[in-house]
Amino acid sequence: MSRQLKHPDELTNEFIEWRVKELLPKFEALAPYNRSNREKGVKSLCLIGWKDLATKEAALLKANYPDDKPEAEREYGACLRQITALKKELKKAAKTELLDQANYNPVCTIITHFGNALSFLFSPYKEKQNVRYREQVKARSKAENRIYLGLSPYLIKAKEVLTQVANGATLFDVEWRDVSCAIALATGRRMAEVHLSAKFRKIGDYELGFTGQLKGKSRKLDGQKLRDFEFTVPTLLSADLVLAGMEFLEKHDKRFDATEDPERVNRRWSKVLNERAKDWAIIEDMTYHKFRGAYLKACIANSGVDPFDYLDYARSILGDNDEATIKAYQRFEIKQGSITKL
């Protein structure tokens, strides 16, 4: 079956494509059998069960993405990222590339068991990674590691860019990447949200209803899937300017359909947007994601929320439920006299 052609700028993950091509037929061959056979295999037919396939896959991942640190310090970060990608691409391929679509549900069940087993084999390394991350967050939060944000020139720049767009500017008049950066600073949304999943609805002059939250997708709020839940989010620029910027990106094919895989945004635009973010040098080593932290600290300043008791407020506007993720932004602090809303 033919695959949809991708834009030449989108990077391909050749390892994952190879593994999907190898594993999917093996899972489909197991589909007709009972639960025990799917797990342990069918020796008479030389079919390997998902449990042993996961063990072999773990060894293959370690061989292809070794961690050269001593065993006690190994985290296998590249392996962990590839496991996430593999589980996602296997489920995606199962929708279109099985020989018999009647096998779809059992194959998805096998993929889930295989993926869980593979993640379990790497769980000690994931825990080491989490411990290190928490320690980094704690260290960055110390006074001597604070990073001070002077937002004034960048909010002025963002307003100028979005005002041009609202006044009818074209791709020849304004750099689309600056439009994206301006929206990220004004709303705190992630790159994949700005360019794929986000839907905004005007609530007030500096307030939007936002749906399309990514990450934490298994969570539910008020009985709704997180992606369908509407968050009320403040903006650092007028809501009308943000909506004009989103319309501009849509009009000029700089957004994917909301049904697409968010990973397409990263493959297509992550490199160019992170490169452009360097021109918005709010802090040293600026990246697109750091707009999110700058946005949060500006919103805290604007709202009058106690900066040492802000977690519930942060959850409500960022959608993140993980305290460690939110506390990663504690090292940011607004410079005295800086504009935080324009």
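Residues numbered from 1 in each chain as written. Predicted model: local features only at pLDDT ≥ 70, side-chain atom pairs only at ≥ 80, totals over all residues. Heavy atoms only, no water.

K.L.:
It is not clear to me how the overall build of the protein should be interpreted in this structure. Could you clarify?
P.N.:
When helices and strands are tallied, the protein shows 14 helices and nine strands. Residues classed as buried in the protein amount to 46% of the 342 residues present. Intrachain contacts of the protein at a sequence separation of at least 6 include 69% that bridge at least 24 residues. Accessible surface for the protein amounts to roughly 18300 Å². Of this, 50% is attributable to carbon and sulfur atoms. (Helix = DSSP H or I, 4+ residues; strand = E, 2+ residues; numbered from the N terminus. Buried < 20%, exposed > 50% of the residue type's maximum accessible area, 1.4 Å probe, protein only. Contact = heavy atoms within 4.5 Å. Areas by Shrake-Rupley, 256 points an atom, 1.4 Å probe, with all protein chains shown as cover.)

K.L.:
Would you explain the packing of helix α1 (residues 14-30) against helix α4 (residues 77-94) in this entry?
P.N.:
The geometry of a pair of packed helices is captured by two quantities: the angle between their axes and the separation between those axes. Two numbers describe how α1 lies on α4: the axes approach to 9 Å, and their chain directions differ by 55°. Classified by the interaxial angle, the pair formed by α1 and α4 is oblique. Note on packing geometry: the crossing formed by α1 with α4 is right-handed. In this structure, α1 contributes F15, I16, R19, V20, L23, L24 and F27 to the contact, and α4 contributes Q82, A85, L86, E89, L90, A93 and A94. When the residues that make up the contact of α1 with α4 are grouped by side-chain class, the tally is 11 nonpolar, one polar and two charged. (Axes fitted to C-alpha atoms, helices over the stretch in contact; angles between N-to-C directions. Parallel < 35°, antiparallel > 145°, perpendicular 65-115°, else oblique. Left-handed = near helix turned anticlockwise from the far one by under 90°. Nonpolar A, V, L, I, M, F, W, Y, C, P; charged D, E, K, R; others polar.)

K.L.:
Honestly, the pattern of salt bridges in this entry has me stumped. Any pointers?
P.N.:
A side chain of one charge can pair with a side chain of the opposite charge if their charged atoms are brought near each other. Counted according to the given criterion, the structure contains 14 salt bridges. For R276, the salt bridge goes to D178, with nearest N and O atoms at 2.9 Å. Placement of the pair is R276 in helix α11 (residues 263-277) and D178 in helix α8 (residues 176-187), with a sequence separation of 98 residues. On the accessibility criterion, D178 (8% relative accessible area) is buried. The shortest N-O distance in the salt bridge between R264 and E260 comes to 3.0 Å. On the basis of relative accessibility, which here comes to 8%, the residue R264 falls in the buried class. A single salt-bridge network, built from bridges that share partners, covers D178, R276 and D279. (Salt bridge = Lys/Arg side-chain N within 4 Å of Asp/Glu carboxyl O.)

K.L.:
What am I meant to see in the packing of aromatic side chains here?
P.N.:
To describe a pair of aromatic rings, you give the distance between the ring centres and the angle between the ring planes. This model, assessed by the stated rule, comprises 13 aromatic pairs. Ring centres of W280 and F291 lie 6.0 Å apart, and the angle between their planes is 85°; on these two criteria the pair is classed as edge-to-face. Highlighted residues: W280 in the loop between α11 and α12 (290-303) and F291 in helix α12, separated in sequence by 11 residues. Each member of the pair, W280 together with F291, is buried. Three or more aromatic residues joined by ring pairs form one cluster here, namely F200, F210, F229 and F231. Between K62 and the ring centre of F122, over which it is positioned, the NZ or CZ distance is 5.6 Å. The aromatic ring of F210 is capped on one face by R189, whose charged end is 4.7 Å from the ring centroid. (Phe/Tyr/Trp six-rings, centres within 6.5 Å; stacked < 30°, edge-to-face > 60°. Lys NZ or Arg CZ within 6 Å of the ring centre and 35° of its normal.)

K.L.:
Hey, could you run me through the sheet that holds strand β8 (residues 231-234) in this one?
P.N.:
For sheets, the rule is that strands pair by backbone hydrogen bonds, running either parallel or antiparallel. With respect to topology, three strands assemble into an open sheet ordered β4-β5-β8, the strand pairing being antiparallel. The strands lining the two open edges of the sheet, one partner per strand, are β4 (199-204) and β8. Adjacent strand axes in the sheet meet at a mean angle of 35°, parallel and antiparallel pairs treated alike. Alignment of strand β5 (residues 207-211) against β8, held across four bridges, turns out to be antiparallel. Note that in β8 the partner of G209 across the bridge is T232. Packed onto the sheet, helix α10 (residues 239-251) meets β4 and β5 and runs at close to 165° relative to β4. (Pairing = 2+ DSSP bridges.)

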